[in-house]
Amino acid sequence: MWEGPTGAELTALAEMSAAGTWDIGDRSVRLTNLDKELLPAGSGRDRRAVTKRDLVRYVTTMAPTFAPYLADRPVNLTRYPDGPAGGSFWQKAVPRHAPDWLVRWTDPHARPGRTRQYLVIDGAPALAWVANAAAIEIHPWTSTAAAPLEPSYALVDIDPGPATTWSETVLLAGQFRAALDHIGLVARPKVTGKRGIQIWIPVDPGCTFDQTQTFVERLSRAVGASVPDLVSWRWRTDERDGLARLDYTQNQWNKTLVAPYSVRPTPGGAVSVPIEWAELDDPDLRPDRWTVWTTPARVAEVGDPFLGLVGVSQALPTI
């Protein structure tokens, strides 16, 4: 179980100048440019601008909630040193200047010339280091470092097109729910923090990426056939006529979706939040409904819906 910062540690973070060393847990983390705005304010009272200090506080406070989805998993990071307006870059390799105490994992399957050493986040101090690097998005591997070729989940990614309405996205998620209920699989959805919905389906140990991708493709094509006017199977975005894509291709080695509870690079700091299936019927549901300011309170009030997936082992049926 990961622990978040103590009250005294949060006070020290709040009172720190723009740069300094933050003692959290048993680590000392060097923080810089804490008052730099990473995400601009959005609309609504909880859509305040997000500084690096705010991001550090959010991710470390949420450390116990992050734990089941990050522990023992290599991660890829999307960094925004000057916020979304300044561009971003995808970081896989652990930088040379990273502190020695960060956990590293060497991928034995990496091809020549590809990243071999990845970061494995192991608690709140590592999350603080990640946030200080302006890594707004955290993308854990679907597999663990112990079994990198064996995914823990099959992943459904409902990717709306420009012409897809939110109600149509929810309808697609509801079709997946009905299909998964019909074949008796436990799964949960999460809003992406942007426009879409993703669904996580836990699988048996020893399952392969070929199996999860084949299953999700067949499931997605069955769902798409039930609402053909909403879905395109074209690969290129500009060939989809604005329709949604049911993306099964993320079920591959070192392909990732954004972590549950990760911040997204949006005004006000929207968060990718797991939900219960019944919440699809909530008229107030939006893909960016929760932010860095409101997500901790939601978790404190209703818990984490994805905990119902942790440790679940289930075989994927033939479709």
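Below, the structure is looked at part by part. (Residues numbered from 1 in each chain as written. Predicted model: local features only at pLDDT ≥ 70, side-chain atom pairs only at ≥ 80, totals over all residues. Heavy atoms only, no water.)

Overview of the overall build of the chain
Of the regular secondary structure elements, the chain holds 7 helices and 13 strands. The C-alpha radius of gyration computed for the chain amounts to 19 Å, which stays within 12% of the reference 20 Å derived for 319 residues, consistent with globular compactness. Considering only C-alpha atoms, the chain reaches an extent of 55 × 45 × 35 Å along its principal axes. For the chain, with 319 residues in total, the buried portion stands at 53%. (Helix = DSSP H or I, 4+ residues; strand = E, 2+ residues; numbered from the N terminus. Rg over C-alpha atoms; globule rule 2.2 N^0.38 Å. Buried < 20%, exposed > 50% of the residue type's maximum accessible area, 1.4 Å probe, protein only.)

As for helix α7 (residues 295-302)
The periodicity of an α-helix, 3.6 residues per turn, causes residues three or four positions apart to be oriented the same way. By the burial criterion, the buried members of α7 are T295, R298 and V299. Along the axis of α7, the buried positions cluster into a sector of 95°, meaning they face one direction only. Exposed residues on α7 whose side chains face more than 90 degrees from its buried face are A300 and E301. Buried residues along α7 sit against α2 (52-61) and α3 (63-70). (Arc of directions from axis to C-beta. Contact = heavy atoms within 4.5 Å.)

Observations regarding the pairing of strand β12 (residues 197-202)
Within β12, 6 of the 6 residues are buried, which leaves it mostly tucked inside the rest of the structure. Bridge analysis of strand β10 (residues 153-159) against β12 gives 6 bridges, and the strand direction is antiparallel. Note on β12: the bridge partner recorded for A154 is I201. Linkage of strand β11 (residues 188-191) to β12, two consecutive antiparallel strands, is achieved through a turn of 5 residues, within which G193 is found at a positive phi near 90°. (Pairing = 2+ DSSP bridges.)

Side note on empty space enclosed by the protein
With the rule as written, the count across this model stands at 2 cavities of 30 Å³ or more. Within this model, the largest cavity holds a volume of roughly 70 Å³. Taken together, Y69, R73, P140, W141, T142, Y153, L155, W200 and L257 make up the lining of the largest cavity. Looking at the lining of the largest cavity, its residues break down into 7 nonpolar, 1 polar and 1 charged. In this structure, the second largest cavity encloses a volume near 40 Å³. (1 Å grid on protein atoms, 1.4 Å probe; cavity = no way out; pocket = protein on both sides within 12 Å on 5 of 7 lines; lining within 4 Å. Points joined across faces, edges and corners; volume = space filled by probe spheres on them. Nonpolar A, V, L, I, M, F, W, Y, C, P; charged D, E, K, R; others polar.)

Focus on the packing of α2 against α3
Put simply, α2 and α3 touch, their axes get as near as 6 Å, and they point 70° apart. Judged by the inter-axis angle, α2 sits roughly perpendicular to α3. Contacts between α2 and α3 pair Y58, V59, T60 and T61 from the former with A63, P64 and F66 from the latter. Residue classes in the contact of α2 with α3 are distributed as 5 nonpolar, 2 polar and no charged. (Axes fitted to C-alpha atoms, helices over the stretch in contact; angles between N-to-C directions. Parallel < 35°, antiparallel > 145°, perpendicular 65-115°, else oblique.)

Re the environment of V227
Its location among the elements puts V227 in the loop between α6 (209-226) and β13 (245-247). Take V227: its relative accessible area is 13%, and that puts it in the buried class. Between the alpha carbons of V227 and G269 there is a distance of 32 Å; along the sequence they are 42 residues apart. For V227, the contacting residues outside a window of four places in its chain are L171, L172 and Q175.

Quick look at the packing of helix α5 (residues 166-183) against α6
Taken N-terminus to C-terminus, the directions of α5 and α6 make an angle of 120°; their axes are 10 Å apart at the nearest point. With respect to α6, the axis of α5 lies oblique. Along this stretch, α5 crosses α6, giving a crossing that reads as right-handed. In this structure, α5 contributes L172, Q175, F176, A179, L180 and I183 to the contact, and α6 contributes F215, L219, S220, V223 and S226. (Left-handed = near helix turned anticlockwise from the far one by under 90°.)

Here's the deal with the environment of Q211
Relative to the elements of secondary structure, Q211 occurs in helix α6. A relative accessible area of 42% places Q211 in the partly exposed class. For Q211, the contacting residues outside a window of four places in its chain are G206 and L316.

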